[in-house]
Amino acid sequence: RKDLLALEPLTRDEINLILDTAVPMKDIIRRDIKKVPTLRGRTVINLFYEPSTRTRTSFELAGKYMGADTVNIAASGSSVVKGETLKDTAKTIQVMGADVVILRHGMAGAPKILAETVTSRVINAGDGTHEHPTQALLDLFTIRESKGSIAGLTVTIVGDILHSRVARSNIWGLTKLGAKVRLVAPPTLMPPGIEQLGAEVFYRPEEALAGSDVVMALRIQKERQQKGLFPSLREYAKIYGINQERLALAKDGCLLLHPGPINRGIELSNTVADSIQSRINEQVTNGVAVRMAILFLLMGGGKGETIN
Ligand code: CP
């Protein structure tokens, strides 16, 4: 493939190849080997139209660990504010020699438009409410690392499903790898018809959490709410917030994930966010390894090149 735009079109084998490739990448991070020359001479550009800490920084580190030149462009500090279109910005970046453009954009489908416009490879770092494929891949990696495999697990995703590109990518990824996916949210934050993607819909967290192997809480995306918040944050925290009592309804050894950033006291209590069940910090570390694997594979990895 030229680009990584979504998990929807990926096969199970392609997903597993990325996860398998991320294993030795994590070893590189763990062994504190700061650079391997695999991508020396390649240029990776982060083009972000929305804020980010984890995705942007981990792509930057992933490129740097493999010797690539990495450049960050925030739309707010670029000629986008003077009215330049996405296509013109992308072409400008391409003719400066970008091998890969990593795009975060508020509009669903923006990475696809970019991929059709430039010859550089394009990676979707989150597009509107559509997909966030690299987040789901790091979530899959984290679950597989702790549980051994994904097939047969029950994964409950709780929170603002309506606005969540993380939920959509995870539904595609988890179901392709054989997990059962449960979604739980207030009716106002549950998109109609989402069960057609192969997930089971719940409105009462107690029912969804019972028997879960993994609980993934999502951020309430206040910035994407169009009609004001309903329920209020206080009501949400009371009914849907994951605390010790609710997490205890899941299976023993249930993992707790959150893509971040967390609204503490709303989606998660402090106690569960920092508990031994939490894999939130591991998700962030794994994000670097998985993004190294994606850059490596997109730029011809596995064809005579080694990463050691
Ligand atoms: N999970 C995630 O995408 O975080 P950032 O917005 O910080 O990149």
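Please read all numbers here as calculations on a predicted model, not as lab measurements. (Residues numbered from 1 in each chain as written. Predicted model: local features only at pLDDT ≥ 70, side-chain atom pairs only at ≥ 80, totals over all residues. Heavy atoms only, no water.)

### Things to note about the site of the ligand
Counted only if it meets this: It suffices for a single heavy atom of a residue to lie within 4 Å of a molecule or strand for the residue to be listed as near it. Whenever a nitrogen or oxygen atom comes within 3.5 Å of another N or O atom, the pair is scored as a polar contact, on the condition that within protein one atom can donate a hydrogen and the other can accept it, and that pairs from neighbouring residues in sequence are kept only if both atoms are in side chains. To be clear on the numbers: accessible area is Shrake-Rupley with a 1.4 Å probe, and residue cover counts the displayed protein chains and nothing else. Using only the protein atoms, space was sampled on a 1 Å grid; points where a 1.4 Å probe fits but cannot get out form cavities, open sets with protein on both sides within 12 Å along at least five of seven lines form pockets, and lining residues are those with an atom within 4 Å of a point. Grid points define the cavity or pocket, and a molecule sits in it when more than half of its atoms lie within 2 Å of them. Each residue is assigned to one class: nonpolar for Ala, Val, Leu, Ile, Met, Phe, Trp, Tyr, Cys and Pro, charged for Asp, Glu, Lys and Arg, and polar for all the others, Gly among them.
Taken together, Ser52, Thr53, Arg54, Thr55, Arg104, His132, Gln135, Pro259 and Gly260 are the residues near the ligand. Contact between the ligand and Thr53: an oxygen atom at 2.9 Å from a main-chain N or O atom of the residue. Here His132 contributes a side-chain N or O atom positioned 2.9 Å from an oxygen atom of the ligand. Here the ligand, which alone exposes 260 Å², has 90% of that area covered by the protein. Under a 2 Å grid-point criterion requiring more than half of the atoms, the pocket assigned to the ligand is the largest pocket. Per-class residue counts for the shell around the ligand are one nonpolar, six polar and two charged.

### Details of the UniProt feature "domain: Aspartate/ornithine carbamoyltransferase carbamoyl-P binding" (unreviewed entry) in the protein chain
Here is the rule: UniProt positions are given in the numbering used here, feature names are shortened, and annotations may be inferred rather than shown by experiment. Strands are runs of DSSP state E lasting at least 2 residues, helices are runs of H or I lasting at least 4, and numbering of each runs from the N terminus.
Here, the residues flagged by UniProt with the feature "domain: Aspartate/ornithine carbamoyltransferase carbamoyl-P binding" (unreviewed entry) are residues 2-145. Segment residues 2-145 splits into 43% helix and 17% strand. End C-alpha atoms: 28 Å apart.

### Focus: the sheet that holds strand E4 (residues 121-127)
Working definition: the strands of a sheet are paired by backbone hydrogen bonds and lie parallel or antiparallel to each other. Heads up, the condition is: A pair of strands is considered paired only if DSSP assigns at least 2 bridges between the two. Between N-to-C directions, angles cover 0 to 180 degrees, with each direction set by a line fitted to C-alpha atoms, over the stretch in contact for helices.
Here we have four strands laid out as an open sheet, ordered E2-E1-E3-E4, and parallel in their pairing. Whereas interior strands pair on both sides, the edge strands pair on one side only; in this sheet they are strand E2 (69-74) and E4. Each neighbouring strand pair of the sheet contributes to a mean axis angle of 15 degrees, computed without reference to strand direction. Here five bridges tie strand E1 (residues 43-48) to strand E3 (residues 100-105), and the two strands are oriented parallel to one another. Its bridge partner lying in E3, Asn46 is registered against Ile102.

### A few points about the side chain of Ser120
The following threshold applies: A contact between two residues is defined here by any heavy atoms of the two lying within 4.5 Å.
When you line up the elements, Ser120 lands in the loop between helix H4 (110-117) and E4. Side-chain polar atoms of Ser120 contact the backbone oxygen of Ala98, separated by 3.0 Å. In this structure Ser120 touches Lys2, Asp3, Gln94, Ala98, Asp99 and Val101, once residues within four positions along its chain are discounted.

### Comments concerning the pairing of E2
What counts here: Orient the strands so they point away from the viewer, and a crossover whose first-strand-to-second-strand path over the helix runs clockwise is right-handed.
Of the pairings in the sheet, the one linking E1 to E2 comprises six bridges and is parallel in character. Across the sheet, the residue bridging to Leu47 is Ile73, located in E2. For the handedness criterion, the β-α-β arrangement of E1, helix H2 (residues 54-65) and E2 is classed as right-handed.

### Regarding the sheet that holds strand E9 (residues 255-257)
Taken in spatial order, the five strands line up as E7-E6-E5-E8-E9 in an open sheet, and their pairing is parallel. Among the strands making up the open sheet, the edge pair consists of strand E7 (200-202) and E9. Averaged over all neighbouring strand pairs, the angle between strand axes comes to 20 degrees, with direction disregarded. Pairing analysis gives three bridges linking strand E8 (residues 214-217) to E9, with the strands arranged parallel.

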